[in-house]
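A closer look at the structure
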Amino acid sequence: MVEEIDVVVIGAGQAGLATSHELGMRGVDHVVLEASVPGSSWLGRWDSFTLVGPNHTVRLPGAAYDGDDPGGFMTGSEVAGHLQAYAGRLGRVRQGVPVRGLRRHAGGGFELRTDGEGIRSRIVVVATGAYQRPLVPAAVAGLSPDVPYVDVSGYRNPAALRDGAVLVVGSGQSACQIAEELALTGRDVVMACGRAPWFLRRVGGRDLFDWLLDSTFYEQTPDQLPAPAARHGANIQATGAGGGHDLHYRTLAALGVRLVGHLVAIDGHTATFAHDLPEVIAAGDAGFRFVRDTIEAVCRRVGVPAPDIPEPGRLDTTAPTSLDLRGFGAVVVATGFRSRYTEWIDIPGLVDEQGFPVHVDGESVVAPDLHFVGVHFLRRRRSSLLFGVGDDATATATRIAIRSGLPA
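The model shown is predicted, which means the values in this text are computed figures rather than measured ones.

**Overview of empty space enclosed by the protein**
Summed over all chains, the structure comprises one cavity of 30 Å³ or more. Counted as a void, the largest cavity has a volume near 40 Å³. In terms of lining residues, the largest cavity is bounded by Gly 261, Ala 274, His 275, Asp 276, Leu 277, Pro 278, Thr 317, Ala 319 and Pro 320. When grouped by side-chain class, the residues that make up the lining of the largest cavity number five nonpolar, three polar and one charged.

**Some words on helix 4 (residues 173-184)**
Between its terminal C-alpha atoms helix 4 stretches 16 Å, which fits the 16 Å expected from twelve residues at 1.5 Å a residue. In terms of burial, helix 4 is a largely internal element, ten of the twelve residues being buried. Looking only at helix 4, the buried set comprises Gln 173, Ala 175, Cys 176, Gln 177, Ile 178, Ala 179, Glu 180, Glu 181, Leu 182 and Ala 183. On its buried side, helix 4 packs onto strand 11 (166-169), strand 12 (189-192), helix 6 (249-254) and strand 19 (330-333).

**Topic: the pattern of salt bridges**
Under the defined criterion, the tally for this structure stands at 25 salt bridges. The partner of Arg 122 in a salt bridge is Asp 6, and the shortest N-O contact between them spans 2.7 Å. Taken as a pair, Arg 122 in strand 8 (residues 118-126) and Asp 6 in strand 1 (residues 2-10) lie far apart in primary sequence, 116 residues in all. You can call Asp 6 partly exposed: its relative accessible area is 37%. As a salt-bridge pair, Arg 92 and Asp 29 come within 3.0 Å of each other at their nearest N and O atoms. Taken as a pair, Arg 92 in the loop between helix 3 (76-90) and strand 5 (93-94) and Asp 29 in the loop between helix 1 (14-25) and strand 2 (31-33) lie far apart in primary sequence, 63 residues in all. By relative accessible area, Asp 29 is classed as exposed at 56%.

**Digging into the sheet that holds strand 18 (residues 322-324)**
Across the sheet, which stays open at both edges, the three strands sit in the order 16-17-18 with antiparallel pairing between neighbours. Two strands close off the open sheet at either side, each with one partner strand: strand 16 (263-267) and strand 18. Each adjacent strand pair in this sheet contributes to an overall mean axis angle of 15°, direction not counted. For strand 16 and strand 17 (residues 270-273), the ladder comprises four bridges, and the chain directions are antiparallel. Of the residues in strand 17, the one forming a bridge with Leu 263 is Phe 273.

The rules we used
Residues numbered from 1 in each chain as written. Predicted model: local features only at pLDDT ≥ 70, side-chain atom pairs only at ≥ 80, totals over all residues. Heavy atoms only, no water. 1 Å grid on protein atoms, 1.4 Å probe; cavity = no way out; pocket = protein on both sides within 12 Å on 5 of 7 lines; lining within 4 Å. Points joined across faces, edges and corners; volume = space filled by probe spheres on them. Nonpolar A, V, L, I, M, F, W, Y, C, P; charged D, E, K, R; others polar. Helix = DSSP H or I, 4+ residues; strand = E, 2+ residues; numbered from the N terminus. Expected span 1.5 Å × (residues − 1). Buried < 20%, exposed > 50% of the residue type's maximum accessible area, 1.4 Å probe, protein only. Contact = heavy atoms within 4.5 Å. Salt bridge = Lys/Arg side-chain N within 4 Å of Asp/Glu carboxyl O. Pairing = 2+ DSSP bridges. Axes fitted to C-alpha atoms, helices over the stretch in contact; angles between N-to-C directions.

Right, dumping it as structure tokens:
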């Protein structure tokens, strides 16, 4: 038995729910299919996870943050609760319906394979999230099986790891937050660093995000990047833990975290690192100066004095190039995510070599009427974020409404 649904949205995270809201506002009949519960990806984060952006940056259409702590940082479960309440108001979500496969239908439209009856749809919006599959570097393939390996989706808290030192591999927000949490519990932490920008949590009495939202930083489009692979670049090192505070390589070093260059390989119990820590730190400092210049440009534009933002302090970049992992409690890898579209969508040419959909304004180039929302750098840097996904949802819903003969 095949069910006919005119418009299907796959995924009930912020992207899918924002799209559902905008479709509903335009009178487009549709259904949202969710494998688990709305906002489930937020429930899969580690126990102490919080938003990095302040609560007021939750600006979903019809579900903007309206609590009494706009400058605070919601936990993962609080974000999920916010999205579940949103879904309840929309009333379009079918929970517990994973989409296992998607392909073109011979008679037009698309076929969706679920655990139940099949579904045929004229239009499909894929909103399965920006973070689908943790990236596992090839360098860890040779790790001895007696050293526990944990990726960012499996890490929960320090107590869940075996006793002993921990090697954290990664450079972005997640890696830094996990390394800090481990160090604060007294763990010996070694961090294999990559290139990531950093900045101060607050300057001039304002949060970093407030400054960046006043600039054009989050308006950057993919064609303004130096190369397509730059879409995978690390976000600015920051944390919302404990009310938000500075978090970067210097603060980690002050906690006793041992910084080393990027991971080259692991052969059994021997981890080998590049001799590039000075270059890694210099690249992060260049990112610091870029953000500082951005803030100063905002101040010039609005005609206010720029806050005093001093140069970064000196950091010792002497580091070993090998490490014996015998006795380590774990190797924790937090090196970002990649897409998994081609694992379940059977449409040749769907993604580029970086795994991003090949699209125009969110609509697939190779499969018209197949749309994407919530993809990192889909249209702008903010496309997957809680304060940016609504714009992409609006653009997609408008296009669908017009093609359906409804008011935009």
